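One letter stands for each residue in the lines below.
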Amino acid sequence: MLSVSSLFVPLPTEEFQKEKHVSIQVRDLQVRFKTRSRSRSRLSAMYKRCTQSILRFVKRNQSLTLNGFWRQMSTADGEADVIFQSLGGKGIITLNRPKVLNALNLSMIRKIYPQMLEWEKDSSMKMVIVKAAGGKAFCAGGDIRAVVEAGKIKDPLSENFFKEEYYLNHKIGNYKIPYVAFIDGITMGGGVGLSIHGMFRVATEKTLFAMPETGIGLFPDVGGSHFLSRLSGKLGLFLSLTGFRLKGRDVLKAGLATHFVEKNKLESLESALLDLKSPDRKTIAEVLQDFQTQSKTDEDKDFVLDPHLEKINKLFGGETVEDIFIRLEKDGSEWSLNQLNLLKKMSPTSLKITFRQLLEGASKDLAGCLNMEYRLGQHCLEDKDFYEGVRAVIIDKDQKPLWQPPSIQEVTDEKINWYFSRLTEDKEWKLP
């Protein structure tokens, strides 16, 4: 019998609901509950019911390993930030920080990555589904505030977060098992990294997709230089410079999601995927397509950026960021001037980094892009705009960052070259 240190086994009794949790050891399987009661008779009764529940469950589900029970990876406050489940050769990852819109932190990364490695080595595993709790967000981004606070005091977390997050991004992009991400709700930054590189990305009418990093003095990382540079025309550059938000079916039309399924069908979709006897790319795609066909929301609406695609391709086709500014101003249309005014609010340094990042990323593989982005991220932690952007947008929320320098004309080529320069050999990002 497999020994697991932390499992959550729901017991179908009213008494269990009252007592919340109880701590029990069943042979090699440790089932951990918390309880207010420490009565010997109560614990004995709970132990008996727990044992019977486990035996009945395993008897009914011979194809399941003990990992088929809910397994919680607990945080310091006892709550699970990630929940894993393994059901008949299918793995499920549930992001479980709904109070902070499932923001990705280092604790979560250090649980998801090894679990994915374990599943990948298991020949019985045929599919992995990643989803999120709470209903509002898949993952609103990385825990950038923690990274900035660590960077101020040179805490290793500021290095390790990006390094290990990129390991996870690369693994998702090169996973040997079909990977299905339910990107329901807010999906930004780190949440994009948990989904975009996988085989399947399922958007809903509640999906809100964006890469808003230029507004906080950063750049679209988590492989942004790879996937954004491969979108049609200059769409990727437009999205990355402006942080434009795509909603619902438009995420599919932009080429960022692979399928669109209405939110109220996600539970049925998950069941249909889990019912597949031997899921592979073809059979999973057939199920997803079937549910997409059933989803009629906004089916007849044009892509939100259709009226502007010609201008995007023309005006964002400049050879420099300065050239883009000039083209937008010269065009003079209301839409163009709105984009120009928006860009002027972003970090000038971030705009120039992002422009070059996508240009270089178009010819690199995912690992090459992540290596480049790691250098950029570490240099951001040595400069000023990242700290100032997080202060203005996330901490103080005054929305009035003081960028250094304050204009694109003052951002020199030498400065941008420094951002793209190699780190010392011991600091370079390398695949494990």
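This one's a predicted model, so the numbers in the text were calculated from it and none came from an experiment.

Describing the packing of aromatic side chains
Taken as a whole, this structure holds 12 aromatic pairs when the rule is applied. One aromatic cluster in this structure is built from Phe 161, Phe 162, Tyr 166 and Tyr 374. A cation sits over an aromatic face here: Arg 356 above Phe 420, 4.2 Å from the ring centre.

Quick notes on the confidence of the model for the chain
Mean pLDDT over the chain stands at 87; residues scoring 70 or higher make up 82%. Counted against residues more than four places away or in other chains, residues 57-76, with its pLDDT under 50, gives 57 contacts.

A short note on the pairing of strand E4 (residues 80-87)
Counting buried residues along E4, 8 of its 8 residues qualify, which places the element largely inside the surrounding structure. Both E4 and strand E5 (residues 90-95) contribute to a ladder of 6 bridges, which runs antiparallel. For Ser 86, the partnering residue across the bridge sits in E5 and is Gly 91. Hairpin connection between E4 and E5: a loop of 2 residues separates the two successive antiparallel strands, and Gly 88 in this loop has a positive phi of roughly 50 degrees.

Let's talk about the nonpolar core
Ranked by internal contacts, the top residues of the largest apolar core, which has 90 residues, are Ile 93, Leu 246, Leu 256, Phe 316 and Phe 386. Among all residues touching Leu 256, those that are not within four sequence positions of it are Ile 196, Arg 201, Phe 209, Phe 227, Leu 231, Leu 239, Leu 246 and Val 251. If you look at the next biggest cluster of nonpolar residues, it comprises 15 residues, including Val 202, Val 261, Leu 273 and Phe 291.

Let's talk about the sheet that holds strand E7 (residues 137-139)
Pairing in this open sheet of 4 strands is mixed, and the strands run E7-E9-E11-E12 from one edge to the other. The open sheet terminates on both sides in strands that have one partner only, identified here as E7 and strand E12 (246-247). Here strand E9 (residues 186-188) runs beside strand E11 (residues 208-210); their pairing, made up of 3 bridges, is parallel. When the bridges of E11 are listed, Thr 187 appears paired with Phe 209.

Some thoughts on the pattern of salt bridges
Evaluation of the coordinates by the stated rule reveals 22 salt bridges. Here Lys 111 ties to Asp 81 by a salt bridge, and the two come within 2.9 Å at their closest N and O atoms. Highlighted residues: Lys 111 in helix H3 (residues 106-121) and Asp 81 in strand E4, separated in sequence by 30 residues. Asp 81 carries the same exposure label as Lys 111, and that label is buried. Salt bridges sharing partners connect three or more residues here, namely Arg 375, Arg 422, Glu 425, Glu 428 and Lys 430.

A few points about helix H8 (residues 235-242)
In terms of residue burial, H8 counts as a mostly covered element, since 8 of its 8 residues are buried. Buried residues along H8 sit in contact with E12, helix H12 (309-315), helix H13 (321-331), helix H14 (334-343) and helix H15 (348-361). Backbone geometry just downstream of H8 places Gly 243 in the positive-phi region, at approximately 70 degrees.

What counts, and at which threshold
Residues numbered from 1 in each chain as written. Predicted model: local features only at pLDDT ≥ 70, side-chain atom pairs only at ≥ 80, totals over all residues. Heavy atoms only, no water. Phe/Tyr/Trp six-rings, centres within 6.5 Å; stacked < 30°, edge-to-face > 60°. Lys NZ or Arg CZ within 6 Å of the ring centre and 35° of its normal. pLDDT = per-residue confidence, 0-100. Contact = heavy atoms within 4.5 Å. Buried < 20%, exposed > 50% of the residue type's maximum accessible area, 1.4 Å probe, protein only. Helix = DSSP H or I, 4+ residues; strand = E, 2+ residues; numbered from the N terminus. Pairing = 2+ DSSP bridges. Core = buried A, V, L, I, M, F, W, Y, C linked by side-chain atoms within 4.5 Å. Salt bridge = Lys/Arg side-chain N within 4 Å of Asp/Glu carboxyl O.

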